[in-house]
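Coordinate analysis (summary)
Here is what each chain is made of, one letter per residue.
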Amino acid sequence: MRAGADTALARVVSVFGEARAHHAYLFVNKRANRMKVLVQDGFGLWLCARRLYEGSFIRAALTQERGLRPELAGLVISLYAVGGMFAGPFGGALADRVGRRATLLAGTSCAGVLMLALGLARSTWALVAIAPWLGVFSDACRPPLAAAVADVVPLEHRERAYGLISWAINLGFATASA
């Protein structure tokens, strides 16, 4: 799964003979906990990668508190992850069009509303419908945030700044779940 777009494209060509326009090709590692999607959109290629976390706390909440069967709980978690795969290109394109601040505000606001909707949803189909959009909007803020840090922080301090962002996000998740 260390392959970039060129290696993935070469694999697609070796298997299918060509990479056809408006097609997506899915790659999964042997442990099935990481996936990449290579998309040929007619103008060029883009490669999305996503690590699929086990989601044990979420799965337990969905199965024990919501009464979902384990495979449906897995579907909801997977749809969230699939939505998150498209968050980077979506968030980056949106930031280029409407600006970083507007994208950060819209992404966090939409993610908050969708999280509330997910908590209030009572049907399985509502969970299935909300989960991918929550994945998109939860991670859509990462590209404009990374670009804003690159604009403000000098090159020699960027690695530490990005590390502090990850630390702050993890601290937020840890305190929010407590």
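The following refers to the structure shown. (Residues numbered from 1 in each chain as written. Predicted model: local features only at pLDDT ≥ 70, side-chain atom pairs only at ≥ 80, totals over all residues. Heavy atoms only, no water.)

Opposite charge on two side chains allows them to pair when their charged atoms are near. Applying the stated rule across the entire model yields 2 salt bridges. With its nearest N and O atoms 1.9 Å apart, the salt bridge here joins Arg 100 to Asp 151. With Arg 100 in helix α5 (residues 100-120) and Asp 151 in helix α7 (residues 142-152), this pair connects stretches of sequence that are 51 residues apart. A salt bridge links Asp 139 to Arg 142; the shortest N-O distance between them is 3.3 Å. Overall, the relative accessible area of 10% leaves Asp 139 in the buried class. (Salt bridge = Lys/Arg side-chain N within 4 Å of Asp/Glu carboxyl O. Helix = DSSP H or I, 4+ residues; strand = E, 2+ residues; numbered from the N terminus. Buried < 20%, exposed > 50% of the residue type's maximum accessible area, 1.4 Å probe, protein only.)

In this section: the side chain of Thr 103. Position of Thr 103 relative to the elements: it lies in helix α5. A polar side-chain atom of Thr 103 sits 2.8 Å from the main-chain carbonyl oxygen of Gly 99. Setting aside residues no more than four positions away along its own chain, Thr 103 makes contact with Gly 91, Leu 94, Ala 95, Val 98, Ala 140, Cys 141 and Pro 144. (Polar contact = N/O pair within 3.5 Å; in protein donor to acceptor, adjacent residues only side chain to side chain. Contact = heavy atoms within 4.5 Å.)

On to a nonpolar patch on the surface. Side chains of Leu 164, Trp 167 and Leu 171 sit close together on the surface and give an oily, nonpolar patch of about 330 Å² of accessible area. Counting through the fold element by element, Leu 164 comes out in helix α8 (residues 158-177). (Patch = residues over 30% accessible without salt bridge, like charges linked within 9 Å, V, L, I, M, F, W, Y side chains within 5 Å. Areas by Shrake-Rupley, 256 points an atom, 1.4 Å probe, with all protein chains shown as cover.)

Relative to each other, helix α3 (residues 70-85) and helix α6 (residues 124-139) sit at 30°, their axes nearing to 6 Å. Relative to α6, α3 is oriented roughly parallel. As α3 packs across α6, the resulting crossing turns out to be right-handed. Along its contact with α3, which presents Leu 72, Leu 75, Val 76, Leu 79, Tyr 80, Gly 83 and Gly 84, the element α6 presents Thr 124, Leu 127, Val 128, Ala 131, Pro 132, Leu 134, Gly 135, Val 136, Ser 138 and Asp 139. A per-class count over the contact of α3 with α6 returns 11 nonpolar, 5 polar and 1 charged. (Axes fitted to C-alpha atoms, helices over the stretch in contact; angles between N-to-C directions. Parallel < 35°, antiparallel > 145°, perpendicular 65-115°, else oblique. Left-handed = near helix turned anticlockwise from the far one by under 90°. Nonpolar A, V, L, I, M, F, W, Y, C, P; charged D, E, K, R; others polar.)

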